[in-house]
Amino acid sequence: MIVSVPHHIVAACASGLLLASPAAHANDASPWQTDSHSQIRLVAGSRSGPVMLGGIAIQLQPGWHTYWRNPGDSGVPPRFDFSKSDNLDSVTILWPAPVKFDDGAGGESLGYEKQVLLPMRVVAKDAGKPVVVRAAISYAVCEKICIPVEANAELAFTSVASTEDGALTAALDTVPKPATIGDNNPLTVRDVKREGKNVLVDVTAPEGKTPNLYAEGPTADWALPIPKLDKHSPAGVKRFSFELDGLPSGATADGATLKLTLVGTDKAYEYNVTLP
């Protein structure tokens, strides 16, 4: 995704640079890598075959936040490079539902406060050999300004029974679940319509609850606006709308598959919607 960053975003400074872990650790978590406003580490779940659960844990100082995969109107999404790992076939990051922030420039950003554990699905090339995950991580921590941070963490996935299993299970519960339009969940997307450049999304939610809705394009270089709740929604639904802006050069919305993330008080769901 190509994102415009407000003028208050500043360049990296020496205090925001993290030092690399010197060696792989055969524990359930790598040492915390600490900078001036956050700390980060890898955690490993129990190993019982070629597919394992791990995570990237980030802790933030009070008043500071970091970003979701889609940062919203401004910001920088985290980036991960696992290319220097040993016996690693693939890593899939599973993103907990984000919250909204005022970005200080009249818009809204999406991300996490205080702390977050990003679960990751780790697949070994050879289930009979050790897996060492080496992660080069780029992310931003923000208060009134944003500071880019570079971190390197390293962890061997060896535990038959990990002390991090409970934390990883709890983190998985915060990841939006796949859902279908019009299903029987109390919180659900009821209908999606397109009117020219506008997309209208009708949502049902439990009485007295107002959810949030986020929209993403088929690739990371789409920068769709955050859907807004219509104060004059039709009876029985909450209607969100957004314009089909922020498309990469040469792209068309016709036939594109969008990802909608619906976030309630204690539940969150993801929908794949193909536009006409």
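Since the structure is predicted, the reported quantities are computational estimates derived from the model, not experimental observations.

Rules of the game
- Residues numbered from 1 in each chain as written.
- Predicted model: local features only at pLDDT ≥ 70, side-chain atom pairs only at ≥ 80, totals over all residues.
- Heavy atoms only, no water.
- Helix = DSSP H or I, 4+ residues; strand = E, 2+ residues; numbered from the N terminus.
- Rg over C-alpha atoms; globule rule 2.2 N^0.38 Å.
- Buried < 20%, exposed > 50% of the residue type's maximum accessible area, 1.4 Å probe, protein only.
- Contact = heavy atoms within 4.5 Å.
- Areas by Shrake-Rupley, 256 points an atom, 1.4 Å probe, with all protein chains shown as cover.
- Lys, Arg positive; Asp, Glu negative; His and termini not counted.
- Charge placed at Lys NZ, Arg CZ, Asp CG, Glu CD.
- Pairing = 2+ DSSP bridges.
- Core = buried A, V, L, I, M, F, W, Y, C linked by side-chain atoms within 4.5 Å.
- Salt bridge = Lys/Arg side-chain N within 4 Å of Asp/Glu carboxyl O.

Peer 1: What exactly am I supposed to notice about the overall build of the protein chain here?
Peer 2: Looking only at helices and strands, the protein chain has 1 helix and 19 strands in total. Here the C-alpha radius of gyration of the protein chain, 20 Å, is about what a compact globule of 276 residues would show, namely 19 Å. In terms of overall dimensions, the protein chain has a C-alpha envelope of 60 × 40 × 40 Å along the principal axes. Buried positions account for 47% of the 276 residues belonging to the protein chain. Partitioning the intrachain contacts of the protein chain with sequence separation of at least 6 by distance along the chain shows that 66% fall at a separation of at least 24. With the model as given, the accessible surface of the protein chain reaches about 13,300 Å², and the carbon-plus-sulfur share is 52%. The positive charge centre, built from 24 side chains, and the negative charge centre, built from 30, are 2 Å apart in the protein chain.

Peer 1: Just to check I follow, could you spell out the sheet that holds strand 12 (residues 177-178) for this structure?
Peer 2: The strands that make up a sheet pair up through hydrogen bonds in the backbone, lying either parallel or antiparallel. Here we have 4 strands laid out as an open sheet, ordered 12-19-18-15, and mixed in their pairing. Since the sheet does not close on itself, it has two edges, and those belong to strand 12 and strand 15 (212-216), each with one partner.

Peer 1: How do you make sense of the pairing of strand 13 (residues 188-195) when you look at a structure like this?
Peer 2: Each regular strand shows side chains that alternate between the opposite faces of the sheet. Here 7 bridges tie strand 13 to strand 14 (residues 198-204), and the two strands are oriented antiparallel to one another. Looking across to strand 14, one finds that aspartate 191 is bridged to aspartate 202. What sits between strand 13 and strand 14 in their antiparallel hairpin is a turn of 2 residues, with glycine 196 showing a positive phi close to 65°.

Peer 1: I'm lost on the nonpolar core in this one. Help?
Peer 2: The tendency in soluble globular proteins is for nonpolar side chains to be buried as a group. Judged by nonpolar contacts, the single largest core of 36 residues is most densely connected at Ile56, Met120 and Phe157. Counting residues per element, the ones that place at least two in this core are strand 2 (38-44), strand 3 (51-60), strand 6 (88-93), strand 8 (108-113), strand 9 (115-124), strand 10 (131-142) and strand 11 (146-157). Once residues within four sequence positions are removed from consideration, isoleucine 56 is found in contact with Ile40, Arg41, Leu42, Phe80, Phe82, Ile93, Val116, Leu117, Leu118, Met120 and Ile137. With 23 residues, the next largest nonpolar core counts Ala179, Val201, Val203 and Leu260 among its residues.

Peer 1: What exactly am I supposed to notice about the environment of serine 90 here?
Peer 2: One can find serine 90 in strand 6. In the structure, serine 90 is positioned 33 residues away from valine 123 in sequence and 5.3 Å away in space, judged by C-alpha atoms. Sequence-distant contacts of serine 90, defined by excluding residues within four places in its chain, comprise Arg121, Val122 and Val123.

Peer 1: Looking at this structure, I do not really get the pattern of salt bridges. What am I missing?
Peer 2: Any two side chains of opposite charge can pair, on the condition that their charged atoms come close. Taken as a whole and assessed by the stated rule, the structure comprises 10 salt bridges. Two residues, arginine 69 and glutamate 216, come together in a salt bridge whose shortest N-O distance is 2.9 Å. Pair noted here: arginine 69 is in strand 4 (residues 65-72) and glutamate 216 is in strand 15, with a separation of 147 residues, a long-range link. Taken individually, arginine 69 and glutamate 216 each receive the classification buried, so the pair is uniform in this respect. Here the salt bridges do not stand alone but share partners, grouping Arg69, Glu216 and Glu270 into one network.

Peer 1: Mind showing me how you'd approach the sheet that holds strand 13 here?
Peer 2: The sheet built from 4 strands is open, its strands ordered 13-14-17-16 with antiparallel pairing. Unpaired on one side and paired on the other, strand 13 and strand 16 (228-229) mark the two borders of the sheet. By the bridge criterion, 6 bridges tie strand 14 to strand 17 (residues 238-243) in an arrangement that is antiparallel. Paired with leucine 200 across the bridge in strand 17 is serine 241.

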